[in-house]
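Inside the fold
The primary structure of each chain is shown beneath.
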Amino acid sequence: MNEQPLIRVVDLSRYYQDGRVLALDRVNLEITQGEFLVIKGPSGSGKSTLLHLIGGLDLPTRGAIYFKDKTIKEVYRRRGFRLNHLGFVFQAFYLWPMLNVLENVLLPLMEASLKQQEKLQKAKEAIGLVDLQDKMYSSVNNLSTGQRQRVAIARALVMGPQLILADEPTGNLDSKTAENIMNLFRMLNKQSRVTIVMVTHEEKALEFSDRWIKLSDGKVQ
Amino acid sequence: MNLPALAFKNLWHRKIRTGLTILGVGTSIAVFVSLVGLASIFTDAFRQMYKLRQTDLVVREKGNFDFLSSGIDEKYVERIQQIPEVLSISKILIDFSAANSKNYFLVLGWEQDSGLFSKLRIVGRTLQRDNEALVGAALVKKLKKQVGDSIEVKGAWFTIVGVFESKSMFEEGSVIIALDKLQKIKKVPGKVTLFNLTIQKHGFSAGRPVSGKEQIERVRSLITKLLPDIDVRGAEEIISVDNSLASFLNFAWAVSTVAFIAAILGIINTMVTSVLEQTSKLGILLAIGWRKSRILLLVLDESIFLGLLGGIFGLILGYGIMNVLMLSPQLQNISRVNYNFIFMIKVILVSLLVGFLSGIYPAIRAISIKPIEALRYE
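Residues numbered from 1 in each chain as written. Chains lettered and ligands numbered in written order. Predicted model: local features only at pLDDT ≥ 70, side-chain atom pairs only at ≥ 80, totals over all residues.

1. Some thoughts on the overall build of chain B
Note the threshold: Secondary structure follows DSSP: runs of H or I at least 4 residues long count as helices, runs of E at least 2 residues long count as strands, and numbering of each begins at the N terminus. Our radius of gyration is a C-alpha quantity, and the globule rule it is checked against amounts to 2.2 Å times the number of residues to the power 0.38. Exposure classes come from backbone-placed C-beta atoms, where a residue is buried if 20 or more other C-beta atoms lie within 10 Å of its own, exposed if 12 or fewer do, and partly exposed in between.
Looking only at helices and strands, chain B has 13 helices and 14 strands in total. Taken against the 2.2 N^0.38 rule, which gives 21 Å for 378 residues, the C-alpha radius of gyration of chain B at 29 Å runs more than 25% over that of a compact globule. Along the three orthogonal principal directions, the C-alpha set of chain B runs to about 90 × 55 × 30 Å. Out of the 378 residues in chain B, the part that is buried amounts to 42%.

2. Overview of the interface of chain B and chain A
By a widespread convention, an interface's size corresponds to the accessible area lost as its parts come together. Quick note on the threshold: Here, residues touch in the contact sense if the C-beta positions derived from the backbone fall within 7 Å of one another. Following the grouping adopted for this structure description, the nonpolar residues are Ala, Val, Leu, Ile, Met, Phe, Trp, Tyr, Cys and Pro, the charged ones are Asp, Glu, Lys and Arg, and the polar ones are all others, Gly among them.
With 19 residues of chain B in contact, the opposing surface of chain A contributes 20 residues. At the level of elements, α1 (3-13), α10 (279-287) and α13 (371-377) of chain B are the ones that each hand at least two residues to the side of chain B that touches chain A. Ranked by residues supplied to the side of chain B that touches chain A, first place goes to α10(B) with five residues. Across the side of chain B that touches chain A, the residue classes break down as 10 nonpolar, four polar and five charged.

3. What about the confidence of the model for chain B?
Quick note on the threshold: pLDDT is defined as a per-residue confidence score from the predictor, taking values between 0 and 100.
Put simply, chain B has an average pLDDT of 85, and 93% of its residues get 70 or more. Per the prediction output, this complex has pTM 0.73; the corresponding ipTM is 0.83.

4. Focus on helix α5 (residues 116-129) of chain A
The periodicity of an α-helix, 3.6 residues per turn, causes residues three or four positions apart to be oriented the same way. Residues and elements named next belong to chain A. This is how it is decided: To estimate how far a helix should reach, multiply one less than its number of residues by 1.5 Å.
An ideal rise of 1.5 Å per residue puts 20 Å on 14 residues; α5 measures up with 20 Å between its terminal C-alpha atoms. On its buried face, α5 sits against α4 (101-106) and α6 (145-157). D131 occupies a position one or two residues after α5 and carries a positive phi of about 60 degrees.

5. Some points on the sheet that holds strand β1 (residues 5-16) of chain A
Sheet strands pair by backbone hydrogen bonding; their relative direction is either parallel or antiparallel. Residue and element names in this part refer to chain A. Put simply, the rule reads: Pairing between two strands is assigned when DSSP locates at least 2 bridges connecting them.
Spatially, four strands are ordered β2-β1-β4-β5 in an open sheet, and the strand pairing comes out antiparallel. In the strand order of this sheet, the two ends are held by β2 (21-32) and β5 (70-71), each with one partner. Direction of pairing for β1 relative to strand β4 (residues 62-67): antiparallel, over a ladder of five bridges. In the strand pairing of β4, V9 is matched with I65.

6. Considering unusual backbone geometry
Residues and elements named next belong to chain A. Even without a glycine there, the phi angle at D11 is positive, about 45 degrees. Summarising the element assignment, D11 is placed in strand β1. Look at D11 and you get exposed, because 12 C-beta atoms sit within 10 Å. The backbone of R26 shows a phi angle near 45 degrees, a positive value even though the residue is not glycine.

7. Some points on the nonpolar core
Selection rule: Connectivity within a nonpolar core runs through C-beta atoms within 7 Å, and the core itself is a set of buried Ala, Val, Leu, Ile, Met, Phe, Trp, Tyr and Cys residues.
Counting residues in each nonpolar core, the largest one holds 164 residues, and the members touching the most others are V105(A), A154(A), V59(B), A133(B) and V175(B). Apart from the residues within four sequence positions on either side, A133(B) is in contact with I151(B), V153(B), F158(B), T159(B), I160(B), V175(B), I176(B) and I177(B).

8. Describing the packing of helix α2 (residues 15-52) of chain B against helix α12 (residues 341-367) of chain B
In a pair of packed helices, the angle between the axes and the distance between the axes together describe the arrangement. All names here are of chain B. We apply this condition: Every angle, taken between N-to-C directions, lies between 0 and 180 degrees, and every axis is a line fitted to C-alpha atoms, over only the stretch in contact when it is a helix. Handedness of a crossing is defined here by the sense of rotation of the near helix relative to the far one, left-handed for an anticlockwise turn of less than a right angle and right-handed for a clockwise turn.
In contact at an axis separation of 11 Å, α2 and α12 are set at 145 degrees when each is read in the N-to-C sense. Note on packing geometry: the crossing formed by α2 with α12 is right-handed. Taking contact as the criterion, the partners of V25, I29, V33, G37 and S40 in α2 are, on α12, F343, V347, S351 and V354. Looking at side-chain class alone, the contact of α2 with α12 contains six nonpolar, three polar and no charged residues.

9. Details of the sheet that holds strand β3 (residues 36-40) of chain A
Residue and element names in this part refer to chain A. Pairing within the open sheet is mixed, and its six strands lie in the order β6-β7-β8-β3-β9-β10. If you trace the sheet from one side to the other, it starts and ends with β6 (86-90) and β10 (219-220), each paired once. As paired elements, β3 and strand β9 (residues 211-216) share four bridges and run parallel to each other. Bridge assignment links L37 to a residue of β9, and that residue is R211. Contacting β3, β7 (163-167), β8 (195-200) and β9, helix α1 (residues 47-54) runs over the sheet at an angle of about 150 degrees to β8.

Dropping the structure here:
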């Protein structure tokens, strides 16, 4: 791929416990716009740490991450940047159980300065993308695990992000449901040109990606 | 969906905890409503009584603000009558009497030609002999008496010659007998509890017209100079310095303050537990780009809702308690529950404030959550 990198990771290191635990060791990585990258590795290899650092949820001990030509420290300081440019999907879904599907997807839009009608329209479109139109007003408690993850994906998509960061999104799903979710990610990546960075330890996920890297003991292999 | 709707749904999701918190806050608010409400009932009853009697000034014993035990010499009337602006003076002696082992009523000693009788609507006739009594309509109903029956007042028997209605609930629950008779029974000859003065409102001072307020103040000052050993106050002032009322109000506020602190601690406990339980859910909101100020408002909205719902429940419970209390023999003839809209609004505002104050600490805790730690929490 010859496109300009969307994300550039330069000599990134992350220590924990006052420098006693090294989670990432001088990682260098480029992720291009529209790419579907899988980061694989065993538990404790540092893959979730890398994802959290890219998402600005954690700060590096050394090195830098660039979003296009600006460091993420600079861009994440901008109000609404994470809201408008990033989407997160986690293994545990983190849905609000007292809300229905539509309301969960509306959560990011509560920060957006749009009219209520536009917010509803966007949320319904996102729900349509994950094929849950018929469950729009169902409580998320009444959904299967696969459907819940679809709701989480719709929530990540609703603001039209450039980048989706997925942390073990199929970790709680059976193999058939996991495959459906991977197909959904692939379809979104191809249709919407959204960049996807997915952390997983499942080999099957590699089939759906454009590229994969392996992390071991905090280093790219 | 907006922030208050999300806060409400969040509370609704934890029905039992929310319900128990509302119950706790409501009980605290009910304590405040019933105690301060009762105090205000008494104050209003006094105010109404003074208004009915067209009281401008009340003359009482100096240094004794408890009307039951205060006593002044009735001969002072002659001195006060020398002031031309004083239109009328009514001597009043006040006491309580037991109707039976449970019931008490107010006994008022009035002169047989007192102008105060003109403020009453009497069925029957006024007092002519010292063994006659007028009984208030509320009391007569309670004691199941009628004109012609006898009534015992502090061990002496009186014939009921009239039943009266008054705009003052205090008076309607009382028995009026001749002043000198009550002085004999109470063993305070020549003494009265107070003089009720009505003042000529319009007049001139130093050649210029004076307002009613200035006139009353002028007469008050004249009486004080004339009789330095007595106490002269306006009706409003006398209500505010009344020892029994002031003590009850202080007690009401002290208990209410403790109740409010308990309510605040109750909400803080509920909200801190809620924030801790929702760490990961609040964390995801931060991760997807919610501003901290919005999280702060979400938690504050929840605690304000708890305060508001507690306030509404407390108002209902408090007025319920007041109604039950007013059924007691000691209170039933004094006044009735006054559904004061302004007081209710104040209670709701206080409840909102309790909710807001209680939400501050949990809200600060919520915004100090780091998304990365929150996501690891579950």
